Amino acid sequence: MDPRKLAAEFDKRPLLVFWESTKACPLACRHCRADAILKPLPGELTTWEAKAFLEQLVDFGRPPPELIVTGGDPLMRLDVMELLDYAKDLGIPASLAPAVSKNLFEALPELRGRVRGVSISLDGLKEAHEELRGMPGIFESTLEAVKALVGAGMRVQVNTVVWRKSFPQLPDIFKLVFDLGVRVWEVFFLIETGRAARSLDISPQEYEDAVQFLVDASRYGVQIRTVEAPFYRRAKMQRASGLSYSSPTYEKLAARLRELMGEPTRPLDPAVVPTRDGHGIIFVAHDGTVYPSGFLPYPLGNVRKESIVRIYREHPLLVKMRRGELGGRCGVCEYKEVCGGSRARAFAAFRDPLAEDPACIYTPRGTRNSA
């Protein structure tokens, strides 16, 4: 579908609704957006309130948005299976983003038929992944979880955070994901929120190298999505139009990819889905507070008091985001409709969710010196 038509659809309803069902989690990851803890916080939506929230999603119309049940670890909610069943009864497609723990292995038989898919985090090779996750042995457990889910016939997505230690490993991580039989790779880029510190992040030039590498990786039959790096779409469109890209770091990543995978098996697909914070995506916290995304802590309302449909469609900030009323380079960029920059990173850097994305190095045509 034409990105402009998709964008018009996103004025009415999101593609994805993320629900932070609980803050409880057995892990203590260094970059955790949720600042997750071992036990649930007071104020979590009750079972009744959670069902009322799910009913609100139906009011977006048919088909309803997909519900991504996340946390913390959603499997630490005692009523999670009941709520997944209720979502299914309402015709709401749901996916789960659990932590890798004994809860996941125990719940595996119950998840079949209840969720469309499961996403598992793999944030580097063994040493890097375990450093970020803060738990020895979690790398092997993660591989075991992916294999178990794939073996059970479930749709599996691997999520990878790009940070200073995983960045040079991206080709090897991609090969590992591919060899595990996973064909959806969602690549997250850090936002300085929750426990994520700036010291974990990479530079703007490395951001560009990473997304250009992902364009190459997308030619091996794996669907690649990015979180908080919408300029990946700009890179795809540039490359599809015949523009080339080169830098020493990118060339090293690309050469390693070809060494591991051989030559690309498919042509570059220029299609993009123009989602970003508050535009095709909305986030509901454990206590019902609504945010543009899980990485943008700008409260918009609460589903306990008003419908998420009204918040999404009418909140002034979201309306401005969807209209592209952005500042700096993002506001004048010719790729604004398909990219629009990370609103979460703009907020983290400038305390303004409409400011430019400081991680993007692209200079829009209208701002170039013509001399």
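Above this note sits the structure.
Residues numbered from 1 in each chain as written. Predicted model: local features only at pLDDT ≥ 70, side-chain atom pairs only at ≥ 80, totals over all residues. Heavy atoms only, no water.

Visitor: What should I look at first to understand the side chain of Thr160 in this one?
Guide: Secondary-structure assignment places Thr160 in strand E5 (residues 155–162). Among the residues examined, Thr160 registers a relative accessible area of 0% and is labelled buried. Looking at Thr160, its side chain comes within polar contact range of the side chain of Trp185, at 2.8 Å. Dropping the residues within four chain positions of it, Thr160 is found in contact with Leu122, Asp123, Ile173, Trp185, Glu186, Val187 and Phe188. (Helix = DSSP H or I, 4+ residues; strand = E, 2+ residues; numbered from the N terminus. Buried < 20%, exposed > 50% of the residue type's maximum accessible area, 1.4 Å probe, protein only. Polar contact = N/O pair within 3.5 Å; in protein donor to acceptor, adjacent residues only side chain to side chain. Contact = heavy atoms within 4.5 Å.)

Visitor: It is not clear to me how helix H8 (residues 204–217) should be interpreted in this structure. Could you clarify?
Guide: Since the α-helix packs 3.6 residues into each turn, any two residues three or four apart lie on the same face. Here H8 contains 14 residues, and its C-alpha end-to-end distance of 20 Å stays within 8% of the 20 Å for a straight helix at 1.5 Å per residue. Of all the 14 residues making up H8, 11 are buried; the element is thus mostly covered by neighbouring parts of the structure. Buried within H8 are the following residues: Tyr207, Glu208, Asp209, Ala210, Val211, Gln212, Phe213, Leu214, Val215, Asp216 and Ala217. Here the buried face of H8 lies against helix H7 (170–179), strand E6 (184–189), strand E7 (223–227), helix H9 (231–240), helix H10 (248–261) and helix H14 (343–350). (Expected span 1.5 Å × (residues − 1).)

Visitor: How should I be thinking about the packing of H7 against H10 in this particular structure?
Guide: With their axes 9 Å apart at the nearest point, H7 and H10 run at an angle of 30° to one another. Taken as axis vectors, H7 and H10 run roughly parallel relative to one another. Crossing of H7 against H10: the hand is right-handed. Across the interface between the two elements, Pro171, Asp172, Phe174, Lys175 and Phe178 of H7 pack against Leu253, Arg256, Leu257, Leu260 and Met261 of H10. In terms of residue class, the contact of H7 with H10 is made up of seven nonpolar, no polar and three charged. (Axes fitted to C-alpha atoms, helices over the stretch in contact; angles between N-to-C directions. Parallel < 35°, antiparallel > 145°, perpendicular 65-115°, else oblique. Left-handed = near helix turned anticlockwise from the far one by under 90°. Nonpolar A, V, L, I, M, F, W, Y, C, P; charged D, E, K, R; others polar.)

Visitor: Is there a simple way to explain the pattern of salt bridges in this structure?
Guide: Side chains that differ in sign of charge can pair as their charged atoms come close. Under the defined criterion, the tally for this structure stands at 26 salt bridges. A salt bridge links Glu66 to Arg116, with the nearest nitrogen and oxygen atoms 3.3 Å apart. Here Glu66 is found in strand E2 (residues 66–70), whereas its partner Arg116 is found in the loop between helix H4 (102–111) and strand E4 (117–121), with 50 residues between them in sequence. On the accessibility criterion, Glu66 (12% relative accessible area) is buried. Arg164 is paired through a salt bridge with Glu131; the nearest N and O atoms lie 4.0 Å apart. Of this pair, Arg164 sits in the loop between E5 and H7 while Glu131 sits in helix H5 (residues 126–133), and the two are 33 residues apart along the sequence. With a relative accessible area of 24%, Glu131 lands in the partly exposed category. Through salt bridges with shared partners, a single network forms among Glu9, Lys12 and Arg13. (Salt bridge = Lys/Arg side-chain N within 4 Å of Asp/Glu carboxyl O.)

Visitor: Help me out: how do you make sense of the pairing of E5 in this one?
Guide: Remark: a regular strand shows side chains that alternate across the two faces of the sheet. Judged by how many residues are buried, E5 sits mostly within the fold: seven of eight residues are covered. The pairing of E4 with E5 spans five bridges and is classified as parallel. Following the sheet pairing, Ile120 is matched in E5 by Val158. Note: E5 against E6, five bridges, orientation parallel. (Pairing = 2+ DSSP bridges.)

Visitor: Could you clarify how one ought to interpret the environment of Glu55 in this entry?
Guide: Mapped onto the elements, Glu55 comes out in helix H2 (residues 47–58). The exposure class of Glu55 is partly exposed, given its relative accessible area of 37%. Remark: the alpha-carbon pair of Glu55 and Glu325, spanning 270 residues in sequence, is separated by 32 Å.

Visitor: Please explain the nonpolar core as it appears in this structure.
Guide: The tendency in soluble globular proteins is for nonpolar side chains to be buried as a group. Core analysis: the largest hydrophobic core is formed by 107 residues, its most contacted members being Phe53, Leu67, Leu111, Trp185 and Ile308. Per element, the largest residue contribution to this core is seven residues, and it comes from H8. In contact with Phe53, not counting residues within four places along its chain, are Val17, Trp19, Leu45, Leu67, Val284, Val303 and Ile308. (Core = buried A, V, L, I, M, F, W, Y, C linked by side-chain atoms within 4.5 Å.)

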